[in-house]
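A closer look at the structure
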Amino acid sequence: MFTGITYQSMDSKGRVILPQKFREELGESFYVTNGFNEKYRSLQVMSCQEFDSLRTQIRALGAAKALKLQYILVAPATETTFNSQGRVQIPQALREGAGFKKDLVVLGMDTRIEIWDKETYDEFMAQTMQESFAEALELLRL
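In what follows, the accompanying structure is described. (Residues numbered from 1 in each chain as written. Predicted model: local features only at pLDDT ≥ 70, side-chain atom pairs only at ≥ 80, totals over all residues. Heavy atoms only, no water.)

On to the overall build of the chain, then. For the chain, the helix and strand inventory stands at five helices and eight strands. Starting at the N terminus and walking to the C terminus, you meet the elements of the chain as β-β-α-β-β-α-α-β-β-α-β-β-α. The C-alpha radius of gyration of the chain comes to 16 Å, within 12% of the 14 Å expected for a compact globule of 142 residues. For the chain, the spread of C-alpha atoms along the three principal axes comes to 45 × 35 × 25 Å. A total of 142 residues make up the chain; the buried ones form 38% of that total. (Helix = DSSP H or I, 4+ residues; strand = E, 2+ residues; numbered from the N terminus. Rg over C-alpha atoms; globule rule 2.2 N^0.38 Å. Buried < 20%, exposed > 50% of the residue type's maximum accessible area, 1.4 Å probe, protein only.)

What follows is the structure, encoded as structure tokens:
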């Protein structure tokens with residue numbers, strides 16, 4: 001399970017360090033692809049097993065919906081590994097699509113990891129806290 005938030009800097013070659021505990025859980029190779037939020041763009045990182053599960057779920061959908069999700073999540077996905085310094089290379093098309101600059105936020109999101117541009121994440125969280133926090137607590141019955 002991935003949990004926690006860390007702040008990282010992306011270097012000029014598009015590489016970022018993920019926390020040690022995330023690297024251990026991901027394994028030797030893993031996938032990077034688009035995130036699930038359509039308004040606030042981010043990327044997600046998932047183990048090969050989790051990515052295979054996602055692909056299986058997509059294939060089980062009707063053809064039109066499956067095709068759309070394949071364009072969004074499967075086609076841009078890149079299988080990658082960490083370099084000797086524990087950095088992951090984020091493909092240029094993915095980092096441009098997510099609007100990455102230099103400062104990033106890395107989030108543990110249970111079965112996957114999300115990587116956000118810090119400005120985008122801050123904007124998303126301000127909006128989310130304003131709109132959804134009370135509703136979420138009510139749904140959880142806290």
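The structure having been displayed, the exposition proceeds.
Turning our attention to the layout of surface pockets. In this structure, the largest pocket encloses a volume near 240 Å³. Considering the residues around the largest pocket, the lining is formed by I5, F36, N37, L107, G108, M109, R112, E114, Y121, F124 and M125. Every element with two or more residues in the lining of the largest pocket is listed here: β7 (103-110), β8 (112-117) and α5 (118-140). (1 Å grid on protein atoms, 1.4 Å probe; cavity = no way out; pocket = protein on both sides within 12 Å on 5 of 7 lines; lining within 4 Å. Points joined across faces, edges and corners; volume = space filled by probe spheres on them.)

This structure, assessed with the given rule, holds six salt bridges. Across the pair R55 and D52 runs a salt bridge whose closest N-O atoms are separated by 2.6 Å. Taken together, the residues R55 and D52, both in helix α2 (residues 48-59) and three residues apart, mark about one turn of the helix. Judged by its relative accessible area of 27%, R55 is partly exposed. Taking relative accessible area as the criterion, D52 reaches 34% and is therefore assigned partly exposed. Two residues, R112 and E114, come together in a salt bridge whose shortest N-O distance is 2.6 Å. Look at R112 and you get buried, because its relative accessible area is 15%. Taken together, the shared-partner salt bridges in this structure form one network comprising D11, R15 and R87. (Salt bridge = Lys/Arg side-chain N within 4 Å of Asp/Glu carboxyl O.)

Right, let's get into the sheet that holds strand β3 (residues 29-34). A sheet is described by the order of its strands in space; here six strands give the open sequence β1-β7-β8-β4-β3-β5, paired in antiparallel fashion. Every interior strand has two partners, whereas the edge strands, β1 (2-9) and β5 (78-81), have only one. With direction set aside, neighbouring strand axes in the sheet form an average angle of 25°. Note: β7 against β8, six bridges, orientation antiparallel. Looking at the pairing, L107 lines up with E114 of β8. Here α5 sits on the sheet in contact with β1, β7 and β8, set at roughly 105° to β8. (Pairing = 2+ DSSP bridges. Axes fitted to C-alpha atoms, helices over the stretch in contact; angles between N-to-C directions. Contact = heavy atoms within 4.5 Å.)

Turning our eyes to something else, we now look at the packing of aromatic side chains. The final tally for this structure, using the stated rule, is six aromatic pairs. Each ring, one from W116 and one from Y121, has its centre 5.8 Å from the other, and the planes form 70°; the classification is edge-to-face. With a relative accessible area of 2%, W116 lands in the buried category. Residue classification places Y121 among the buried residues on the basis of a relative accessible area of 9%. Taking the centre distance of 4.8 Å and the plane angle of 25° together, the rings of W116 and F124 count as stacked. An aromatic cluster of at least three residues, connected via ring pairs, comprises Y40, W116, Y121 and F124. (Phe/Tyr/Trp six-rings, centres within 6.5 Å; stacked < 30°, edge-to-face > 60°.)

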